[in-house]
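# Examination of the molecular architecture
One-letter residues, chain by chain:
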Number of protein chains: 2
Amino acid sequence: QGTRDHPPAQAALRERLLRAVVSCFKRHGAAAIDTPALELRETLMGKYGEDTKLIYELQDQGGELLALRYDLTVPFARYLAMNKVNNMKRYHVAKVYRRDNPATTRGRYREFYQCDFDIAGQFDPMIPDAECLKIVHEILSDLQLGDFVIKVNDRRILNGVFDVCGVPESKFIAACSTVDKLDKVPWEEVRSEMVGEKGLSPEAADRIGEYVQLHGGLDLIEQLLQDPKLSQNKLAKEGLGDMKLLFEYLTLFGITGKISFDLSLARGLDYYTGVIFEAVLLQQENEHVEELVGVGSVAGGGRYDGLVGMFDPKGRKVPCVGVSIGIERIFSILEQRLKASGEKLRTTETQVLVATPQKDLLAARLKLISELWDAGIKAEMLYKKDPKLLKQLQYCEDTGIPLAAIVGEQELADGVVKLRDVSTREEVRM
Amino acid sequence: QGTRDHPPAQAALRERLLRAVVSCFKRHGAAAIDTPALELRETLMGKYGEDTKLIYELQDQGGELLALRYDLTVPFARYLAMNKVNNMKRYHVAKVYRRDNPATTRGRYREFYQCDFDIAGQFDPMIPDAECLKIVHEILSDLQLGDFVIKVNDRRILNGVFDVCGVPESKFIAACSTVDKLDKVPWEEVRSEMVGEKGLSPEAADRIGEYVQLHGGLDLIEQLLQDPKLSQNKLAKEGLGDMKLLFEYLTLFGITGKISFDLSLARGLDYYTGVIFEAVLLQQENEHVEELVGVGSVAGGGRYDGLVGMFDPKGRKVPCVGVSIGIERIFSILEQRLKASGEKLRTTETQVLVATPQKDLLAARLKLISELWDAGIKAEMLYKKDPKLLKQLQYCEDTGIPLAAIVGEQELADGVVKLRDVSTREEVRM
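If you're wondering where the values come from, they're calculated on a predicted model, not measured in any experiment.

This part is about the overall build of chain A. For chain A, the count of helices and strands is 16 helices and 16 strands. For 430 residues, the compact-globule estimate of 2.2 N^0.38 gives 22 Å, and chain A exceeds it by more than 25% at 28 Å. Projected onto its principal axes, the C-alpha positions of chain A cover 95 × 55 × 40 Å. Looking at the 430 residues of chain A, the share that counts as buried comes to 56%. Summing over all exposed atoms, chain A offers an accessible surface of approximately 18400 Å²; the carbon and sulfur share of this is 50%. Within chain A, one finds 57 positive and 65 negative side-chain charges whose respective centroids are separated by 4 Å.

Printed below as a string of structure tokens:
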């Protein structure tokens, strides 16, 4: 339940998609790493807040207590700490596992791919952070998914807001996870959850409401830097200062048109410490894509400066920032779009079918195909001793093989091969 | 335990290796499929004989009882049955899991990659089987692993041998698994296990010994086809007839020089029903590779005509033949060889580092690198506001970046970039 087989057509589409994402990661100089799908249970515990219950655990069959990885970020932090790595720009494409309620039509599965790019190391502020946003921009543009916006915020700004609105520090995380719902429900509901379930005062909630409904660009950052309360708050000031720097760099990258500084963005995970961001596809006019409303977030990430330290025996910190591309959601979109277009994706790359027009020519086919393989040419033949020529040409049409190399008695006698273009039916002897 | 992280150098080598294997599979017209790493426990039970105990089971957290896949063959058979697929040529590269005693120096892990190529469908005899052997030959030749031999046998011939030697059918599997040890221990030991543990009569064991120590080529096949006892056995006759056909096809492929018809080859798995084969690297003279003795088998496979039927509610059979490339063992060899050669594998593909020779030029770097990325050029820069030029060039040398694109005040004023070849130190303004 919640997993699936990928038949060839899906596997081919997925390969095309992953190739696009990975080529962007490589364009930015990232190296690949690989970590096991199995982690020690203790490595994963206490990293995912409420979602810890979604971790798949292995049965105790003797030996270590194991679990399946929940994401690629925690294994990356564990890797950095274990190997005492201080600097690294890496990507990782692999499956992760979550015992969630599957919503497969919206691309939510229990086993799914993640495509992560992260930059670890002590660097000058916001330069790696800006690169992560540039990567999201490049990938979503390359894939032509339609219009999108990348929402950006900073955990320090959010915490500053909570602070100046009179929320006690012990309730920051609760307030944060409630704010996170603003993209799905109206402010009134969020407010009543804050006051009801989370125990914030109505006044605090109202004050928060004034901030978290704001979104904009450099102008909003400037406005908040002048805000009489926020400008007095150390955390918020730091966050706003860095946000201004980030926008400066994004302006040089020429991508601010798709960036929105959005105070309602909170993101669920506990480990973020600075900039956070999330890319959302905007509703399409197109009728085919209209079904896709609700696909929502297709990439997200942020800065997590404390996570590596949790795995280091001496608590040595390695600041990190990274992005995860929501490949399954993008895959769902591309799949539906392909279906709507009627385009048929080839599942193999075969260039030529080796065919014979008469009986008793299996040996000739085997000899020729062997030469082709040895020359690096992608070639197939039917696994029959005496297939009909029509069947062989039909196979080419069904599977998209563009050429047939035909050897009949005449060709054998003349020492040639007849090469046929399957679609135009043109033939040349060679 | 028994798993490992792949740091960038290993991940890059693995990528190179997998690319070579997959490109061979694609050359033979295979399509990719993907199946979940999780399977229902019941799917895996009863397929691996004694090794069933090595299956990793997931904890019962409610819902289905799951296990991690043990190989890619059983999931493939399950896939064919579930989707009622009668014909398919597919490859699958993925990790599998075994709770085995790890012997990591010999490339034996609890989590490891398998690279499988299989042909499913009802075809004329031995044509797909011959292609599997051709694939093994191509891959081992391409990877330049040194001299190798591909041992070939047929389960029907083995069973015929057991039959004519007076072994009761109920003991065929036991006899088979004992014969399988002949590549590691001398005949005397195998004989005493047959008589002692497996309860075969000494006479039967001696008669088996006369057969299973034979190996050769077409001549041996002819000799056995004339054998007074074997030639009377239906199974053996069928197997020998097909073996002769196989050698005919392999002769047309020009690869019989590396093929040995070897009656001692038995292979452990229960599900084989016809041709079986295993590729072994021959001992090297080379001192560096000498440590690798014991790496042994680097590819194996065979025909399994009954497996799909085990998953089909109506027992519908789909004959299959396939090969699995022992990628981990080959990886160990390539890794040790790389180490011995002193060659340093690049872990990134970055073509150019964007650098500045003076202070306060971060904006110029960000602008230029953004243009390069947008033009599809693999580019990096240091994440510092004012890095020293020497540090930047040092980074190129450390990571193998061939070019530096330098923008200083003069270049900015002139509207040019200075492109420097890192190794020759040649510079051009452009």
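From this point, the discussion proceeds with the structure in view.
What follows is about the environment of D374 of chain A. Looking at where D374 of chain A falls in the secondary structure, it is placed in helix α14 (residues 362–374). Exposure remark for D374 of chain A: the relative accessible area of 53% places this residue in the exposed category. If near-sequence neighbours (up to four positions away) are discounted, D374 of chain A is found in contact with K134 and E138 of chain B. A polar contact of 2.7 Å, which involves the side chain of D374 of chain A, links it to the side chain of K134 of chain B.

Turning our eyes to something else, we now look at the UniProt feature "binding site: L-histidine" (unreviewed entry) in chain A. Residues and elements named next belong to chain A. Look at the UniProt record and you will see "binding site: L-histidine" (unreviewed entry) annotated at D71, L72, T73, R98, Q114, D118, R267, Y271 and Y272. Tracing the chain through its elements places D71 in the loop between β3 (66–68) and α3 (73–82). For D71, the contacting residues outside a window of four places in its chain are Y48, V96, R98, Q114 and Y271. A polar side-chain atom of D71 sits 2.7 Å from a polar atom in the side chain of Y48. Secondary-structure assignment places Y272 in the loop between β8 (259–262) and β9 (275–281). Residue class for Y272 comes out buried when judged on its relative accessible area of 9%. Excluding anything up to four places from it in sequence, Y272 contacts R155, R267, G301, G302, R303 and Y304.

Moving on: a positive patch on the surface. All names here are of chain A. Judged by side-chain charge, K359, K384, K388 and K391 come together as a positively charged surface patch. The residue K359 is located in the loop between β12 (352–355) and α14 in this model. By relative accessible area, K359 is classed as exposed at 58%.

A few words on the pairing of strand β14 (residues 403–406) of chain B. Residues and elements named next belong to chain B. Relative to β14, strand β12 (residues 352–355) runs parallel, the two sharing four bridges. From the neighbouring strand, L353 faces β14, where its bridge partner is A404. Of the strand pairs in this sheet, β14 and strand β15 (residues 418–421) are connected by four bridges, and their pairing is antiparallel. Each bridged residue has a counterpart across the sheet, and for A404 the counterpart in β15 is R420.

Bringing unusual backbone geometry into the picture now. Phi is positive for M126 of chain A, close to 70°, though the residue is something other than glycine. As for its position among the elements, M126 of chain A is in the loop between β5 (111–120) and α4 (127–142). Judged by its relative accessible area of 4%, M126 of chain A is buried. Phi is positive for R425 of chain B, which is not a glycine, with a value near 65°. Topologically, R425 of chain B is positioned in the loop between β15 and β16 (427–429).

Below, the discussion takes up the interface of chain A and chain B. Between chain A and chain B, the residue contacts involve 77 residues of the former and 77 residues of the latter. Taken over both partners, the interface formed by chain A and chain B buries close to 6600 Å², and the fraction arising from carbon and sulfur atoms is 55%. Applying the counting rule to chain A against chain B returns 12 salt bridges. D374 of chain B is the partner of K134 of chain A in a salt bridge, and the nearest nitrogen-oxygen pair spans 2.7 Å. The tally of links between chain A and chain B comes to 44 residue pairs in polar contact (both at pLDDT 80 or more). In terms of residues, the side of chain A that touches chain B owes the most to one element, α14 of chain A, which gives eight residues. Taken together, the residues of the side of chain A that touches chain B sort by class into 37 nonpolar, 15 polar and 25 charged.

A few words now on the domain arrangement of chain A. One can read the domain layout of chain A as domain 1 (8–341) and domain 2 (352–429). Computed from C-alpha atoms alone, the centre-to-centre distance between domain 1 of chain A and domain 2 of chain A is 53 Å.

Take the pairing of strand β5 (residues 111–120) of chain B next. Residue and element names in this part refer to chain B. Counting buried residues in β5 gives 10 out of 10 residues, a clear majority hidden from the surface. Going residue by residue along β5, you find E111, Y113, C115, F117 and I119 tucked away on one face and F112, Q114, D116, D118 and A120 tucked away on the opposite face as well. Of the pairings in the sheet, the one linking strand β4 (residues 88–97) to β5 comprises 10 bridges and is antiparallel in character. By the bridge assignment, V96 is partnered in β5 with F112. The sheet contact formed by β5 and strand β11 (residues 320–325) spans six bridges and is antiparallel. Bridge pairing links D116 to S324 in β11.

On to the sheet that holds strand β10 (residues 297–303) of chain A, then. The nine strands lie next to each other as β1-β4-β5-β11-β10-β9-β6-β8-β7 (chain A), forming an open sheet whose pairing is mixed. Of all the strands in the sheet, just β1 (31–32) and β7 (215–216) of chain A have a single pairing partner and so form its edges.

All names here are of chain A. Taken as a whole and judged by the stated rule, the model has 16 aromatic pairs over all chains. Where F162 meets F172, the ring centres are 5.9 Å apart and the plane angle is 50°; that geometry is what we call tilted. Note that F162 is positioned in helix α5 (residues 155–164) and F172 in helix α6 (residues 172–179), a separation of 10 residues in sequence. Like F172, F162 is buried.

We now examine α14 of chain A. Residues and elements named next belong to chain A. Here α14 spans 18 Å end to end across 13 residues, near enough to the 18 Å set by a 1.5 Å rise per residue. Within α14, burial applies to L362, A364, R365, L366, L368, I369, S370, L372 and W373. Count one or two residues on from α14 and you reach G376, which has phi positive near 80°.

Residue and element names in this part refer to chain A. For E193, the location among the structural elements is in helix α7 (residues 187–195). Relative accessible area serves as the criterion here: at 12%, E193 is assigned to the buried category. A polar atom in the side chain of E193 sits 2.9 Å from the side chain of K181. The contacts of E193, once residues within four sequence positions are left out, are T178, K181 and K198.

This paragraph deals with the environment of R346 of chain B. All names here are of chain B. By secondary structure assignment, the location of R346 is in the loop between α13 (327–341) and β12. The class of R346 is partly exposed, set by a relative accessible area of 29%. Taking the C-alpha atoms as reference, R346 lies 53 Å from G160; in sequence the two are 186 residues apart. When neighbours within four sequence positions are excluded, R346 is seen to be in contact with A12, T399, G400, I401 and P402. Among the polar contacts made by the side chain of R346, one reaches the main-chain carbonyl oxygen of T399 at a distance of 3.1 Å. Separated by 3.0 Å, the side chain of R346 and the backbone oxygen of G400 make a polar contact.

A few words on the relation of the copies chain A and chain B. The transformation that overlays chain A on chain B combines an axial shift of 0.0 Å with a rotation of 180°, and the residual RMSD is 0.0 Å. The superposition of one copy onto the other is thereby described by a two-fold rotation axis.

In helix packing, the relevant descriptors are the interaxial angle and the interaxial distance, both defined with respect to the helix axes. All names here are of chain A. Packing of α7 against helix α8 (residues 202–212) brings their axes to within 9 Å, and their N-to-C directions diverge by 145°. Of the two elements, α7 crosses α8, and the hand of that crossing is right-handed. Between α7 and α8, the contacting residues are W187, R191, M194 and V195 on the first element and P202, A205, D206, I208, G209 and V212 on the second. When the residues that make up the contact of α7 with α8 are grouped by side-chain class, the tally is seven nonpolar, one polar and two charged.

Turning our attention to the confidence of the model for chain A. Chain-level pLDDT for chain A is 93 on average; 96% of the residues reach the 70-or-more range. For residues 289–293 of chain A, every residue scores under 50 in pLDDT, and the model assigns this stretch six contacts once sequence neighbours within four places are set aside.

Here the focus is the environment of T3 of chain B. Following the sequence through the fold, T3 of chain B ends up in the segment before α1 (8–27). Taking the C-alpha atoms as reference, T3 of chain B lies 5.8 Å from R110 of chain B; in sequence the two are 107 residues apart.

Cut-offs applied
- Residues numbered from 1 in each chain as written.
- Chains lettered and ligands numbered in written order.
- Predicted model: local features only at pLDDT ≥ 70, side-chain atom pairs only at ≥ 80, totals over all residues.
- Heavy atoms only, no water.
- Helix = DSSP H or I, 4+ residues; strand = E, 2+ residues; numbered from the N terminus.
- Rg over C-alpha atoms; globule rule 2.2 N^0.38 Å.
- Buried < 20%, exposed > 50% of the residue type's maximum accessible area, 1.4 Å probe, protein only.
- Areas by Shrake-Rupley, 256 points an atom, 1.4 Å probe, with all protein chains shown as cover.
- Lys, Arg positive; Asp, Glu negative; His and termini not counted.
- Charge placed at Lys NZ, Arg CZ, Asp CG, Glu CD.
- Contact = heavy atoms within 4.5 Å.
- Polar contact = N/O pair within 3.5 Å; in protein donor to acceptor, adjacent residues only side chain to side chain.
- UniProt positions renumbered as here; feature names shortened; annotations may be inferred.
- Patch = residues over 30% accessible without salt bridge, like charges linked within 9 Å, V, L, I, M, F, W, Y side chains within 5 Å.
- Salt bridge = Lys/Arg side-chain N within 4 Å of Asp/Glu carboxyl O.
- Pairing = 2+ DSSP bridges.
- Buried area = accessible area lost by both parts, 1.4 Å probe.
- Nonpolar A, V, L, I, M, F, W, Y, C, P; charged D, E, K, R; others polar.
- Domains from an automatic or database assignment.
- Phe/Tyr/Trp six-rings, centres within 6.5 Å; stacked < 30°, edge-to-face > 60°.
- Expected span 1.5 Å × (residues − 1).
- Least-squares fit on C-alpha atoms with pLDDT ≥ 70 in both.
- Axes fitted to C-alpha atoms, helices over the stretch in contact; angles between N-to-C directions.
- Left-handed = near helix turned anticlockwise from the far one by under 90°.
- pLDDT = per-residue confidence, 0-100.

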